Every structure is written in structure tokens, then in C-alpha cells.
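Structure at a glance
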Amino acid sequence: MTQEKDVKTMRSFQKVWDVLEEHEHDKAQLVPILQKVQNEYSYLPEEVMNYIATSLDIPPARVFGVASFYSHFVFEPKGKYVIKICDGTACHVKGSMDLYDALQDELGLSDDEITTQDMLFTLETVSCLGACGLAPVMMVNDDVHGNLTSDKAREVIQEIKTKEGEDDE
Amino acid sequence: MNNTMNTLQDIKQNFKQGLDNYGRRIIVCAGTGCVSSGSLDIHKKLQKKIEENGYEVDLKLRKEGVETDSEVEENDNVILSKSGCQGFCQMGPLVEIQPEGYLYTRVEVDDVDKIIERTIKNDEPVEELLFTSRADGEKYKGRDEIPFYELQSRSVLKKCGSIDPEDIREYISLNGYEAAEQAYTKMSPKEVCEVVEEANLRGRGGGGFPAGVKWNLTRKEEGDKKYVICNGDEGDPGAFMDRSVLEGTPHSVIEGMMIAARAIGADEGYIYVRMEYPLAVKRVRKAVEDAREMGLLGENIFGTEHSFDINIMEGAGAFVCGEETALMNSVEGKRGMPEPKPPYPAQQGLFGKPTNINNVETLATVPMIIEQGAEKYKEIGTEDSPGTKTFALTGHVVNTGLIEVPLGTTLREIIFDIGGGVTDAKGNIDNDNFKAVQIGGPSGGCLTRKHLDIPVDFDSLIEAGAMVGSGGLVVMNQDTCMIQVAKFFMKFTQEESCGKCVLCREGTKQMLNLLNKITEGKADQNTLTKLEKLGQAVKKGSLCGLGKTAPNPVLSTMDLFEEEYRAHVEDNTCPVNECDALSVPEIDPEECKGCTICAKECPVDAIEGEPQEVHRIIAEDCINCGTCIEACKFNAIS
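Residues numbered from 1 in each chain as written. Chains lettered and ligands numbered in written order. Predicted model: local features only at pLDDT ≥ 70, side-chain atom pairs only at ≥ 80, totals over all residues.

**As for the overall build of chain B**
The cut-off we apply is this: Think of it this way: any DSSP run of H or I at least four residues long counts as a helix, any run of E at least two long counts as a strand, and we number them from the N terminus. The size measure is the radius of gyration over C-alpha atoms, and the globule rule it meets is 2.2 Å times the number of residues to the 0.38 power. To assign burial, the other C-beta atoms lying within 10 Å of each residue's own C-beta are counted, with C-beta atoms placed from the backbone; 20 or more indicates buried, 12 or fewer indicates exposed, and intermediate counts indicate partly exposed. Think of it this way: build a C-beta for each residue from its backbone, and any pair within 7 Å is a contact.
Each helix and strand counted, chain B has 26 helices and 18 strands in total. A globule of 638 residues ought to have a C-alpha radius of gyration of about 26 Å, and chain B, at 28 Å, matches this closely. Referenced to the eigenvectors of the C-alpha coordinate spread, the extents of chain B come out at roughly 90 × 65 × 40 Å. Out of the 638 residues belonging to chain B, those deemed buried represent 54%. A separation threshold of at least 6 residues defines the contact pool for chain B, and within that pool the share at least 24 residues apart is 71%.

Here is the structure:
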């Protein structure tokens, strides 16, 4: 088991290295580097941030400082499907928080617990997705779903659940 | 590359002639709005079905130049393309049919057979897919007739929604990159600045600072290296103009940047796009690559000694990065915090070099100004705010979507004519239900009925206590609680404050606390005084635009809806019943059995009714304690 984990970590560090190479170890490109690394891991593990800091010859505090500044970067793993409920002005006046409550209920999550136990779903809000014409809106990974009601939002999630269930079999 | 101009002309001619080889063109809207309503599936099925029916279909223009093939005369070939946002997001997915100009709205995958049978085979419109006005029930054939489009003045958005944003040749076929060519080969940097200054193009990102003046300042700075930045960090909730422009006509933005680079003498540029806009990022990346491949970006552009290339940087989710100094810190790989000005970016910008930074829409307007000249440009709009402005029209309005109108158009025209009127809680058209329109996002303010006839331009709006901002227009009906609206924006700015200035960091938090007190019925007269005082202090004590304008939504609603604030504070009621803590419970007459338990339990005797009959809560006496809700065995009270 331990051995397996080591192999996995080593392989992943290789990817971090590739990203750093691609950006020529340029510390000015810290934000895009972190973006690519997070795409790989779905979050930013501490040891990876240390690794990046050493490679760019900057203090780890600087890397963590930058990463913690931007809301896109997270330090806990996220689910396979990240649901972003848009809470922009237009969505808000059209009841986006009702969607949020409905999905919290559907997924058994709370304000403190945003990722499901099975690591399938993470539920969060986002300030504006810019699809205001279709308010209220949510985004599941890169797919935008518009003109939602609580029931429609639940359906979207249930469909994914069914699909995931089938894949397992 | 000495003959770029010839190349441009060749491409233009070939593309135009190439289009003639097709008897019909079908344009499926592939803006974020329509894609999320399933337009890509429609595109796929159209392709499949048209082929099955024996027509030749191309997704990209394949037959360039003139074809002498005999087939052409029969004109059975179809070109099926995707466009950027056509603006009418509410009615999506949209499918436009050329040459007739039919605009099909709310198209579903199952409608594809009808479109092929009736329109492709028999040249007839599919009546049921044409836009039907909700106001008068009338059907409209296409964009030229639909009031939503007819009343607009689309120039920046003209190409957006009609061309294929992923085909550089089509942009070139509509005189694309000719303005850049002119700026590089026939004009001096000073002349370019002068034209833009003369046109009085004011920054579309919110502030309204004249772009030409900014360019001239940067041009005059000495420096071996200068930068041009396109600010596409459109973070205002309720705004999506920049996203649409980047998705629908990315080459206009690139061309605008090239002209700006020529004007100030820059050889490198950055486009900063929000990562929440994946489609915009993808299209801009492709556009930059295509332009590079064609020699429009890179070294010795248009055969001159000048070079210019563009990098793309995705934001990482920080609203404050829309502020120019914060954005530049972010590009440099730092925390995106604003810096004091001066020094201005024109003097010391990105990596300490003179930098010019403009908003997406501003840059997309530039090629048009160079092409037609300052005088022609100034023909529309007002004297101090010439040209057009795009707005994202959303909220409780019939036609939501992306619009473009001359500056100086009144709110009445925008909301009631283009927007088709206000909708009530049930979604029916009811213009008397109009309460307010929020303009300018978290930096702006609310305007009410009395402001409906003021012209929408940079200066008039500031006078009225709002601002153009980036251009989000959120219409609100009578069922909206204005304190909740103020709270919504305060929560937003509080979360997005970068924390550098104490008054912004702590002040917005305390303002939010005070607003929470109001909506929870825990406020007193002091709360309102404190809120106002604190608002003024935050404005004064903040470095950047975020903090300076953060109190605006609160202060403007306090000013315009004083009574509503008073009702919350003094009478403990929310006039529109939106604040849960203040709304009086109601008894459902269908469920009430008249058991009298609630009346007995009520500590203040605020419930009346005879046994066996429906009971009633006396709103004036009720203290919202919730006892009755718990006491009722039939769940009749909520």
C-alpha cells in the first residue's frame, strides 16, 4: 500500500516538474503554474507548494500567500463534479439560494461540509458566471445549466449519480 | 510579409466569393447562454440530418474563390456555422437561416426535422419557431424586425453573433485587421492617439476615463519596453458584456490591442480573462494562434519593423483584480492587491514598465474608430459620451440578454421597449410592477421610476448616484426587498475586499453586520445613522475603486428607499415580506381546521377566529415568535 502511494506521488511530481519546465521556472508565472498544478491534483497539496517554491527560488510563504489570495485555489481535495451555483445579482433575485438549499439537501451537505463522502460532488457558490440571461444558473465542471428550478437542479445531479452508478458496475 | 495588405484583400475576396458557393447558411448560436440550453446538440443533429437528406454541408468555408462547378448553380450546398452570443439569450437556443434571415428561437433537437423539411427543402419558414412577442402575440421573421434588435444600435456587437468567431478569414472578410494595417503602415503613433482622443472614446470598464488621453500619456513615456493589457476580468455580478465580446468577436479585441500597441510603442501584450469563462478563454486562445499563424502577430507585422505578440493569462478568482494595479500584480505572479496611484500604469506599470490597460469593449471599439474616423464615430451617442455601450439586461424583465445602445438612451427605452417590460412575481408582464434597476454592479447604485427618463451616459448616471460601471442592468420588481439587495452587494464586496485597507476590510464587514441586524429585526434608529456614517468613511478611507465604491449600493438604497429601511427598523416589518425574520406568519385557509390551539398558544393574543372556523393572524400585534407555527398540528401556518 505504502509503496503504491509512493509511486503515485513520484509520478505526480514529474507532472509538476513538467509544468515548471513549461513555464521556464519563471516566478512571474506563479499563478498559471498553480492553475495547471491544481488541474492535476484538484487541489494544492502542501508538499507540492513547497516543491514549487524551492524550484522557483522563492519562500514557500510567498507561494502559499498567492495561492490563498485567489478563491480558485483550494487546499482540500474537491469532488469529481464541482457544482458552482451562481449567486450573481440576476441569479440571486431569481432565487439562486433556493437551488443551493435544494442541492445541499439532495447531497446531504452543509455550509461546513461541501464535499460528499464519496468524493463525487463538491457544492459551492460563485459570484457570477456571466450567463445572467438564463438566471438562475449553475455550472457542473464546465457545463452550464440555465433557467433552473430546484427540481431541475436536483434532476441534473440525479442524472450524474445514475451515470456514475452505471460506470461502477 | 510586405504584401500583407494584398494577403488581407485576397483572403477577403476569396472568403466572400467562397460564401457565394453556398446556397444557404445556417448559423447556430454558440454563446455560453445558448450552449447551456443545448445548441451544440442542435448543431450536431442539423449536420447529420442535412447530410442524410443529400445536401453537401461544410462546417467551415471550404470552397474558397469562385467555383465553376455546375453543382453551384443548383445552390444546394449548406454552410453550417457556430456564432458567438447573438444577444437574445432568453429565447435561446437561437438558429438563424440565411439568406432569408429567419431567426428561430427556443429551438429543440426535435425541431431539426421540421427545419430541414420546411426551410431547407421547401424554402418556407417554420412558423412556430419564429419569435412571438409576449406583449401583442405577433410573430416576427428575423432580427431586422424583432423589436429587441430593431431598437438597438449594434456596432461593437455587429460581428458578434453573425460571424464564426473561430474563423479568422471571416473576420478579415468584413474589413478585419485593415484598421490595424492602416495604423501600422500609414499613421504615426501620435496620429493614432489623436484620432482616439478626438473620438473621445471613454473607458467602457466603468470609470469612463478617455482612452486616447491614457494612450498619449503612455506614448510620451520613455522606455525600451512597454506593455498593452486587455482587462477581461469582468467580475461584476450581473454583467457579461466582455465575456460575449471575447467569445463572439475575439479578433476585434486583438486588433484593438494591436492598434493600442502601435500608438504607445509596445511590443508585448496580455489578455487577462476570468477563469470562470472557459469558452471565452478557448476562443481567445485560438484567435491569438490564428493571428500569429497569419503573421498578424509576431515580428515585422505588416512588413514594418514593429513587433507585437499577445500572452493570455487566466484570472484565478479575485474580483479586485479588475482594478488595474491589482491586475498587474497578479500578472507578475503576486497577490492581486492594488497599489497607490501615482505612479500610474502609464508611468510604471507591469514589471515597472510603462503600460496601457484598457477594458475589452473599449479595445473592441478601437478598430471601428480608426476605420471610420473620429467624426463619424461621434455621430451617435451624446456629446460627452459618444458612441454606443453594451449592457447586460437581466432580472425581472421580459427580454433578458446582451444589448447595445447609443449612450444617452433612456432607461425607459431600454427596460420597456428593448427589454419588453417588467415581469411580476408570476412572470407576467406588468410595467407598474417596476421598482428599481440596479446599474453598475457592486460599485453602482439603484435607480427608480423617477430616473426612467434620464439619459444613460457616464456623467448623468454619476449625478443620479449610480454609474455605468461595466454595464450590468438588473431590473427588479415590487417583490424585491431593497435592503436584501444592498445586503447582497455588501456581502459580495466584503468577501472580495483584498484586506489591504482597514476601512474596506473591517468597514464592509461592519456594514454587513448592520444590514443583517436590519433584516433580522434587531436594529434601532442608531443602526441607520451608523450605517450611513460608516459608508462615508469606507468611501474616504479606501485606496482603490473596490472600497471607494463599495458603500454605493447601500447609500443609494438608503437615499431612495428610506421608508423601506424605516419600516424594517421602526415597525419591524419587511414591506415585501422577503426578510424571513420580519415576515408575519400566514394561516393557510385550506388547511386550518379552526382547532383554536394557535390562538391559545399565542403569547400576545395576535390570533383571532371562532372555533371550527379559519383563524387569522393580526399583523400589527404579531411579534414573529413562531410559537403558532410549532403549535399547529395541521401544518397550516407558515
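**Describing the domain arrangement of chain A**
Selection rule: Those domain boundaries reflect an automatic or database domain assignment.
By the assigned domains, chain A splits into domain 1 (2-69) and domain 2 (81-168). The gap between the C-alpha centroids of domain 1 of chain A and domain 2 of chain A is 29 Å.

**Considerations on the sheet that holds strand β12 (residues 388-395) of chain B**
Residues and elements named next belong to chain B. The test is simple: A pair of strands is treated as paired once DSSP finds two or more bridges between them. Axes, fitted as lines to C-alpha atoms, cover a helix only where it is in contact. Angles between the N-to-C directions of the axes lie from 0 to 180 degrees.
One open sheet holds the five strands; their spatial order is β13-β12-β16-β14-β15, and the pairing between them is mixed. Each edge of the sheet is formed by a strand with only one pairing partner; in this case those strands are β13 (401-406) and β15 (445-448). Between one strand axis and the next, the sheet turns by 30° as a mean value, whatever way the strands run. Relative to β15, strand β14 (residues 434-439) runs antiparallel, the two sharing four bridges.

**Description of unusual backbone geometry**
Between glycine 92 of chain B and proline 93 of chain B the backbone carries a cis peptide bond, its omega angle lying at -5°. If you trace the backbone, proline 93 of chain B turns up in the loop between β3 (78-83) and β4 (95-98). Following lysine 341 of chain B, the chain continues to proline 342 of chain B via a peptide bond in cis, the omega torsion being -5°. Position of proline 342 of chain B relative to the elements: it lies in the loop between α14 (324-331) and β11 (355-359). Its identity as a non-glycine residue notwithstanding, asparagine 147 of chain A has a phi of 50°, on the positive side. Relative to the elements of secondary structure, asparagine 147 of chain A occurs in the loop between β4 (143-145) and α7 (150-168).

**Points about the interface of chain B and chain A**
The line we're drawing: Each residue gets one label: Ala, Val, Leu, Ile, Met, Phe, Trp, Tyr, Cys and Pro are nonpolar, Asp, Glu, Lys and Arg are charged, and the others, such as Gly, are polar.
Contacts between the two partners involve 43 residues from chain B, matched on the other side by 33 residues from chain A. Among the elements of the structure, α2 (32-36), β10 (309-314), β12, β16 (472-477) and α19 (482-496) of chain B are those that each provide at least two residues to the side of chain B that touches chain A. In terms of residues, the side of chain B that touches chain A owes the most to one element, α2 of chain B, which gives four residues. In terms of residue class, the side of chain B that touches chain A is built from 16 nonpolar, 19 polar and eight charged.

**Structural notes on the environment of glutamine 612 of chain B**
All names here are of chain B. Here glutamine 612 shows up in the loop between β17 (607-608) and β18 (616-617). Look at glutamine 612 and you get exposed, because 9 C-beta atoms sit within 10 Å. A sequence separation of 25 residues divides glutamine 612 from isoleucine 587, and the C-alpha atoms of the two residues are 14 Å apart.

**As for the sheet that holds strand β9 (residues 268-273) of chain B**
Residues and elements named next belong to chain B. In space, the four strands of this open sheet follow the order β10-β9-β8-β11, with parallel pairing throughout. Of all the strands in the sheet, the pair left with one neighbour each is β10 and β11. Adjacent strand axes in the sheet meet at a mean angle of 20°, parallel and antiparallel pairs treated alike. By the bridge criterion, five bridges tie strand β8 (residues 227-232) to β11 in an arrangement that is parallel. Residue pairing in the sheet places asparagine 231 in a bridge with asparagine 359 of β11.

**What about the domain arrangement of chain B?**
Taken domain by domain, chain B comprises domain 1 (4-150), domain 2 (175-377), domain 3 (388-480), domain 4 (483-570) and domain 5 (584-638). Centre-to-centre separation of domain 4 of chain B and domain 5 of chain B, based on C-alpha positions: 36 Å.

**Regarding the packing of helix α11 (residues 241-248) of chain B against helix α15 (residues 360-372) of chain B**
Residues and elements named next belong to chain B. Our working rule: Roughly parallel means an angle under 35 degrees; roughly antiparallel means over 145; roughly perpendicular covers 65 to 115; every other angle is labelled oblique.
The interhelical angle for the contact between α11 and α15, taken along N-to-C directions, is 45°, at an axis separation of 9 Å. As far as their axial angle goes, α15 and α11 are oblique. Residues Met241, Asp242, Val245 and Leu246 of α11 pack against Val360, Glu361 and Ala364 of α15. Tallied by class, the residues present in the contact of α11 with α15 amount to five nonpolar, no polar and two charged.

**So, α11 of chain B**
The α-helix winds at 3.6 residues per turn, so residues separated by three or four positions along the chain end up facing the same way. Of all eight residues in α11 of chain B, eight are buried, a share of seventy percent or more. Among the residues of α11 of chain B, Met241, Asp242, Arg243, Ser244, Val245, Leu246, Glu247 and Gly248 of chain B are the ones counted as buried.

**Brief notes about the confidence of the model for chain B**
All names here are of chain B. To keep things clear, this is the line we draw: Each residue gets a pLDDT score, which is the predictor's confidence in that residue and runs from 0 to 100.
When pLDDT is averaged across chain B, the result is 91; 97% of the residues are at 70 or more. In the model, residues 68-73 has pLDDT below 50 throughout and makes two contacts with residues more than four positions away in sequence or in other chains. Here the complex is predicted with pTM 0.90, and the ipTM for its interfaces comes to 0.85.

**Structural notes on the nonpolar core**
We count it as follows: In these notes, a nonpolar core means any group of buried Ala, Val, Leu, Ile, Met, Phe, Trp, Tyr and Cys residues linked to one another through C-beta atoms within 7 Å.
Ranked by size, the top nonpolar core spans 225 residues in total, and within it Val137 of chain A together with Val196, Met257, Ile259, Ala260 and Val437 of chain B carry the most contacts. With nine residues, helix α12 (residues 250-264) of chain B is the largest single contributor of residues to this core. Within the second largest apolar cluster, 10 residues are counted, among which are Cys598, Ala599, Ile607 and Cys632 of chain B.

**Some thoughts on the packing of α12 of chain B against helix α13 (residues 278-293) of chain B**
All names here are of chain B. Spelled out, the test is: Each crossing gets its handedness from the near helix: less than a right angle anticlockwise from the far helix is left-handed, clockwise is right-handed.
For the pair α12 and α13, the least separation of the axes is 9 Å and the interaxial angle reads 55°. Considering the angle they form, α12 stands oblique to α13. Remark: the crossing between α12 and α13 carries right-handed chirality. Seen from α12, the contacting residues are Pro250, His251 and Ile254; seen from α13, they are Arg283, Val284, Ala287, Val288 and Ala291. Broken down by class, the residue content of the contact of α12 with α13 amounts to six nonpolar, one polar and one charged.

**Some points on the pairing of β10 of chain B**
Residues and elements named next belong to chain B. Let me state the cut-off plainly: The path from the first strand over the helix to the second decides the hand: if it runs clockwise while the strands point away from the viewer, the crossover is right-handed.
Sheet analysis places β9 next to β10, joined by six bridges and oriented parallel. Across the sheet, valine 273 pairs through a bridge with glutamate 314, a residue of β10. In terms of handedness, the path from β9 via α13 over to β10 forms a crossover that is right-handed.

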